[in-house]
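# Survey of secondary and tertiary structure
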Amino acid sequence: MSRLALVRLVLVTICGALVSPTIADEAAEIADSEYEQIVALTPDLENGRRVYLACAVCHRPEGWGTADGTYPQIAGQLQSVIIKQLADIRARNRDNPLMYPFSVPRILGGPQNVVDVAAYVSELPMTAHNGKGAGVDLELGGRLYVEHCVKCHGEDGAGNAEERIPGIVGQHYPYLMRQFDAIRSGRRKNADPKMTKQIKGFTPRQQAAVLDHVTRMSVSEEKLAPSGWRNPDFPAYVRDALGIAPGASALPGLPNPAAIPAPPDLPKP
Ligand code: HEC
Ligand code: HEC
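Our subject in this report is the structure included herewith. Keep in mind that this is a model prediction, so the values were computed, not measured.

### Considerations on the overall build of the protein chain
Within the protein chain, the secondary structure is distributed over 12 helices and 2 strands. Order of helices (α) and strands (β) in the protein chain, N terminus to C terminus: α-α-α-α-α-α-α-α-α-α-α-α-β-β. Burial analysis of the protein chain (269 residues in total) assigns 35% to the buried set. Sequence-distant contacts in the protein chain: of pairs separated by 6 or more residues, those separated by 24 or more amount to 76%.

Spelled out as structure tokens, the structure:
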């Protein structure tokens, strides 16, 4: 290599390092570009149902998660939001150590599987029996919601598909608390900077009040599951008093859910 070429190489390397985006930006870019790829595809609900089997272990066959907020309700979430979160999680633009191994392409599959499972989940009906707050400060919570949240999450908490703003109605209280903390502290990397700014000054009392209000907003009629509804796509799931233990699969071609390890416990904060 000539001296000139060497100098040029060194210069390019140094400049490259100076302008190269941080690792966080890179993760966001990877997630964004996969998102664009995924939303361009046409979802296949039948395949989405098959893919969902791996999710059901944690999010439950109905997609309702758990009232203690360990697992969020994802049923009825906007399709664009589900896709964004899956792309973010597997690009590590949102840390989710429990779910990460299930989100990688080798397990979840490529963009087509992502759009399929997102479409399937977004069409699952929601439960209104989500984990609620203490119910002691609802007047304050309602006022704060109108003042600080309505413009993005909407009057009914249904979010905004085009802007990829999540629906938060019907969500479990402890999950909402955890996300609010993570968004405010910057721990949730994919948080919306405008929201982070909006909630910066919230006191613990205000946070508890507004999120309690959110847990009590009504899930819209068309998204609500009929009372006693169980996902008929997973008839072989054995439900016991402690929750749901996966039984043998009745769907041909699906892996045996009994062979899927039970979800690990969340680390205590
Ligand atoms: C091992 C358990 C586990 C499995 C399997 C799992 N998830 Fe999750 N998922 C979680 C946890 C825990 C969270 C919440 C993490 C947090 O608190 O930030 C989550 C969060 C999510 C979110 C974000 C919800 C929101 O409101 O932002 C979506 C979407 C999601 N999961 C979809 C799926 C799909 C689709 C599958 C199957 C391909 C799946 N998950 C498999 C544990 C799991
Ligand atoms: C400027 C718009 C904006 C405002 C104002 C805003 N949010 Fe958000 N919020 C967002 C966006 C966008 C996300 C999703 C970011 C991402 O992960 O892509 C989000 C995410 C959330 C989440 C996590 C949801 C989940 O499923 O994981 C919660 C909880 C939340 N917001 C609650 C609130 C509350 C309560 C208020 C009012 C105090 C509020 N937000 C104000 C835009 C906003």
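### Thoughts on the site of ligand 2
Taken together, the neighbourhood of ligand 2 is formed by 23 residues, with Cys 149, Cys 152, Asp 192, Lys 194 and Met 195 sitting nearest. Taken together, the elements giving at least two residues each to the shell around ligand 2 come down to α9 (150–153), α10 (173–185), α11 (193–198) and α12 (204–215). Split by residue class, the shell around ligand 2 holds 13 nonpolar, 5 polar and 5 charged.

### Focus on the site of ligand 1
Around ligand 1 sit 22 residues in total, of which Cys 55, Cys 58, Gln 85, Met 99 and Phe 102 are the nearest. Sorting the residues of the shell around ligand 1 by element identifies α3 (45–59), α4 (79–90) and α7 (111–122) as the ones contributing at least two each. Among the residues forming the shell around ligand 1, the class breakdown is 17 nonpolar, 4 polar and 1 charged.

### Considering helix α2 (residues 23–39)
Spacing of three or four residues puts side chains on the same side of an α-helix, whose turn is 3.6 residues. Here α2 contains 17 residues, and its C-alpha end-to-end distance of 24 Å stays within 8% of the 24 Å for a straight helix at 1.5 Å per residue. Contacts made by the buried residues of α2 are with α4 and α7.

### Topic: the nonpolar core
Formed by 48 residues in total, the largest nonpolar core has its most connected members in Tyr 52, Ile 83, Val 117, Ala 118, Val 121 and Val 214. Of all elements in the fold, only α2, α3, α4, α7, α10 and α12 reach the threshold of two or more residues within this core. Sorting elements by how many residues they give to this core places α7 first, with 7 residues. Those residues in contact with Val 121 that sit more than four places away from it in its chain are Tyr 52, Gly 63, Ile 74, Ala 75, Gln 77 and Ile 82.

### What to know about the environment of Leu 138
Turning to its location among the elements, Leu 138 is positioned in helix α8 (residues 138–148). As a C-alpha pair, Leu 138 and Ala 209 span 71 residues in sequence and 6.0 Å in three-dimensional space. Leaving out residues up to four positions away in the same chain, Leu 138 has contacts with Asp 212, His 213 and Arg 216.

### Concerning the packing of α8 against α12
Interhelical geometry of α8 versus α12 gives an angle of 85° and a closest axis separation of 7 Å. Our classification of the angle between α8 and α12 gives roughly perpendicular. Listed contacts from α12 to Leu 138, Leu 140, Gly 141, Gly 142, Leu 144 and Tyr 145 of α8 are Gln 206, Ala 209, Val 210, Asp 212, His 213 and Val 214.

### Topic: the packing of α3 against α7
At a minimum axis distance of 7 Å, the contact between α3 and α7 shows a crossing angle of 85°. With respect to α7, the element α3 is oriented roughly perpendicular. Of the residues in α7, those touching α3 at Leu 45, Asn 47, Gly 48, Arg 49, Val 51, Tyr 52 and Cys 55 are Asn 113, Asp 116, Val 117, Ala 119, Tyr 120 and Val 121. Class assignment of the residues belonging to the contact of α3 with α7 gives a composition of 8 nonpolar, 3 polar and 2 charged.

### Some details on the environment of Lys 84
Within the secondary structure layout, Lys 84 lies in helix α4. The class of Lys 84 is buried, set by 24 C-beta atoms lying within 10 Å. Here the alpha-carbon distance between Lys 84 and Ala 31, two residues 53 residues apart in the chain, equals 7.6 Å. With residues up to four places along the chain from it excluded, the contact list for Lys 84 reads Tyr 35 and Arg 164.

### A short note on the environment of Arg 90
You can see Arg 90 is positioned in helix α4. Separated by 59 residues in the primary sequence, Arg 90 and Ala 31 place their C-alpha atoms 7.8 Å from one another. Setting aside residues up to four positions removed in sequence, Arg 90 forms contacts with Ser 103 and Val 104.

### A word on unusual backbone geometry
One non-glycine residue with positive phi stands out, namely Arg 92, at about 60°. Locating Arg 92 in the fold gives a position in the loop between α4 and α5 (100–103). Classification of Arg 92 as partly exposed rests on a count of 18 C-beta atoms within 10 Å. One non-glycine residue, Arg 164, lies in positive phi territory at about 60°. In this fold, Arg 164 is placed in the loop between α9 and α10. In this structure Arg 164 comes out as partly exposed when scored by C-beta crowding, with 19 C-beta atoms within 10 Å.

What counts, and at which threshold
Residues numbered from 1 in each chain as written. Chains lettered and ligands numbered in written order. Predicted model: local features only at pLDDT ≥ 70, side-chain atom pairs only at ≥ 80, totals over all residues. Helix = DSSP H or I, 4+ residues; strand = E, 2+ residues; numbered from the N terminus. Buried ≥ 20, exposed ≤ 12 C-beta atoms within 10 Å, placed from the backbone. Contact = placed C-beta atoms within 7 Å. Near = placed C-beta within 6 Å. Nonpolar A, V, L, I, M, F, W, Y, C, P; charged D, E, K, R; others polar. Expected span 1.5 Å × (residues − 1). Core = buried A, V, L, I, M, F, W, Y, C linked by C-beta atoms within 7 Å. Axes fitted to C-alpha atoms, helices over the stretch in contact; angles between N-to-C directions. Parallel < 35°, antiparallel > 145°, perpendicular 65-115°, else oblique.

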